[in-house]
Amino acid sequence: MAKSGGSPSHVLTPDGRFLLLKPDEKPWLVGGENWRLLGRDIADSLRATKGDSALVLVHGRGANVQALVEGVALGDYRFNLCRSGKESKRNRIAVHIPGQADAVKAGLLTAASQNLARELADMPPNQLNPQTFAARARKLLSGTGVDVRITSGVGSLRKAGFPGLAQVGMAGSADPCLVEMHYKPSKKRKSRKDVRLALVGKGITFDSGGISLKPGDKMWEMKGDMSGAAAVLGAMAWVAEREPSIPISGYLCLAENMPDRGAQRPGDIYQARNGKWIHVDNTDAEGRLVLSDVLTYAGECGATHIVDIATLTGACMVALGDRMGGLMGRGEAFLQSVRAAGQEAGEEFWQLPLYGEYRSLLDHPHADINNIGGRYGGAITAGIFLSEFVPENVQWAHLDIAGPAIQSGGWRYYAKGMTGFSTRTLIRLAQKLG
Ligand code: BES
Ligand code: MN
Ligand code: ZN
């Protein structure tokens, strides 16, 4: 036990059963992950014994108790909105941890924020489209200190200077839209004047590939292509509750990428918000198109630090596997603090270089930039593409979560489905910067 600094946990089930749980000691389990896994074990054993409450005695630091609570709540989550049987009526479980009220509260809030992101990502694309997603955001944040503004429809998006969202979303079954969520700390709160954080999420509610249609195998997983936006909304739900001491804005780039006579074509060229002309070589490289104008806009709105979160490239999974995110961007110190926030929250990111020599892979004879690079280094060329739309004076981190966001086989405390990955990293980052 000495290595993790933890003690075994005792679980007493209502019928008097007593379980002794011991955190796993695998060296890659950092940021309280072994405590989250213990929490999952508690949720699992309650499920197996049909129990609904447990008394847990822990002698641990607050951070570990928080992680344990997160593990219970994340491990207990199942997507049941589309089930008719018993499973849909399963009671929620209660876990009592005496003497740790603050840690329990923090863990429950963090897990609820992440489970919100998961639920949105698990929702089928006939139920969650750009419009229903936006409505959910509005409802969730109404009456809180977070202001919500929505720009909706192809015409309005073009007029407001978001041609990328219009291009990608114009053949969708519902109108594309941009959701802005702005939070400012109240005057009473002492706030750092030098930090304004912006979170920009890719929100493709279904990515068929568009005219550059994807193959059918596992295409359904692309209902999770809004996981970046879901994590941003989860983080903003946390912001609304905790009211941190720095201004934070969230942006959801919502569109459905579909083939249709009204869809954008390979060969289309359009002018982005920052004036650059983009050649659409492949309509399946749509994430970078919906993000680019919003990155520019977030800078115009005064952000000093921007984080974008996107299930952006299959290439990132080829490079890093599907259990860590890719990290790219500008401003080494900021990138390191994003990575540290991830590690503290039990979410791993690995940095990839925005190597200047690869910029020429995005050259096009008829436009300023092509929307795909060559065969190699696809996560990096996607990052380089985005970098051209981020205003120069801001620090910027790009999180490619294509792998860890979608786990149809289950992982750690995640049941089969979407994970809400990066929600905890964003929450931790907001705490660190504030
Ligand atoms: N949403 C996909 C990326 C993705 C793939 C996420 C698998 C999660 C799992 C993205 O829009 C996409 O289609 N990217 C293409 C880019 C290519 C056309 C340059 C890809 O990765 O193949
Ligand atoms: Mn795509
Ligand atoms: Zn996509």
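Residues numbered from 1 in each chain as written. Chains lettered and ligands numbered in written order. Predicted model: local features only at pLDDT ≥ 70, side-chain atom pairs only at ≥ 80, totals over all residues. Heavy atoms only, no water.

### Observations regarding the packing of helix α10 (residues 332-344) against helix α12 (residues 423-433)
For any two helices packed against each other, the geometry is given by the interaxial angle and the distance between the axes. In the contact formed by α10 and α12, the axes pass within 8 Å of each other and the chain directions differ by 120°. Taken together, α10 and α12 sit at an angle that is classed as oblique. The interaxial crossing formed by α10 with α12 has right-handed handedness. Between α10 and α12, the contacting residues are F334, S337, V338, A340, A341, G342 and E344 on the first element and T425, R428, L429, K432 and L433 on the second. Residues of the contact of α10 with α12, tallied by class, amount to six nonpolar, three polar and three charged. (Axes fitted to C-alpha atoms, helices over the stretch in contact; angles between N-to-C directions. Helix = DSSP H or I, 4+ residues; strand = E, 2+ residues; numbered from the N terminus. Parallel < 35°, antiparallel > 145°, perpendicular 65-115°, else oblique. Left-handed = near helix turned anticlockwise from the far one by under 90°. Contact = heavy atoms within 4.5 Å. Nonpolar A, V, L, I, M, F, W, Y, C, P; charged D, E, K, R; others polar.)

### Some thoughts on the sheet that holds strand β11 (residues 305-310)
What the eight strands build is an open sheet, ordered β5-β6-β8-β7-β11-β15-β12-β13; its pairing is mixed. Sheet topology places β5 (146-152) and β13 (349-351) at the edges, where each strand pairs with a single neighbour. Neighbouring strand axes in the sheet, compared pairwise and without regard to direction, differ in orientation by 20° on average. Summarising the sheet, strand β7 (residues 197-207) and β11 pair through five bridges and their orientation is parallel. Bridge pairing links A198 to I306 in β11. (Pairing = 2+ DSSP bridges.)

### With respect to the coordination of the manganese ion (ligand 2)
Every protein donor of the manganese ion (ligand 2) is accounted for by D207 (OD), D284 (O), D284 (OD) and E286 (OE), and the metal-donor separations fall at 2.0 to 2.2 Å. Donor residues binding the manganese ion (ligand 2) come from one chain and are separated in sequence as D-x76-D-x1-E. The distance between the manganese ion (ligand 2) and the zinc ion (ligand 3) comes to 3.1 Å, and D207 binds to both of them. With D207 in strand β7 and E286 in the loop between β10 (277-279) and α8 (287-300), the pair connects residues that are 79 residues apart, well separated along the chain. Like D207, the residue E286 is buried in the burial classification. (Donors = N, O, S within 2.8 Å, 3.2 Å for Na, K, Ca; no water. Buried < 20%, exposed > 50% of the residue type's maximum accessible area, 1.4 Å probe, protein only.)

### A look at the sheet that holds strand β14 (residues 369-370)
One open sheet holds the three strands; their spatial order is β9-β10-β14, and the pairing between them is mixed. Every other strand in the sheet has two partners, leaving β9 (269-271) and β14 as the edge strands with one partner each. Relative to β14, β10 runs parallel, the two being bridged by two bridges. Counted as the bridge partner of I278 is I369 from β14.

### Some remarks on the pairing of strand β12 (residues 325-330)
Burial analysis of β12 places five of its six residues in the buried class, which makes it a mostly covered element. Relative to β13, β12 is paired through three bridges, and the arrangement is parallel. Each residue of the ladder has a partner; that of G326, found in β13, is W350. Chirality of the crossover, the property in question, places the unit of β12, α10 and β13 among those that are right-handed. (Right-handed = clockwise from strand over helix to strand, strands pointing away.)

### Re the nonpolar core
Core analysis: the biggest nonpolar cluster contains 67 residues, and F133, M181, L199, M236, L252 and V307 have the highest contact counts within it. It is helix α7 (residues 227-242) that contributes the most residues to this core, eleven residues altogether. Two domains each put at least three residues into this core: domain 1 (9-76) and domain 2 (114-433). Those residues within four positions of V307 in sequence are excluded, and the remaining contacts are L197, A198, L199, V200, F334, A397, L399, L426 and L429. In this structure, F162, C253, A379 and I384 belong to the second largest nonpolar core, which totals 44 residues. (Core = buried A, V, L, I, M, F, W, Y, C linked by side-chain atoms within 4.5 Å. Domains from an automatic or database assignment.)

### With respect to the coordination of the zinc ion (ligand 3)
On the protein side, the zinc ion (ligand 3) has K202 (NZ), D207 (OD), D225 (OD) and E286 (OE) as donor atoms, found 2.0 to 2.4 Å from it. Around the zinc ion (ligand 3) sit six donor atoms; with metal-centred angles ranging over 78 to 174°, the donor geometry is octahedral. Between consecutive donors of the zinc ion (ligand 3), the numbers of intervening residues give the motif K-x4-D-x17-D-x60-E. (Tetrahedral: all angles 85-135°; square planar, octahedral: opposite > 155°, others 65-115°.)

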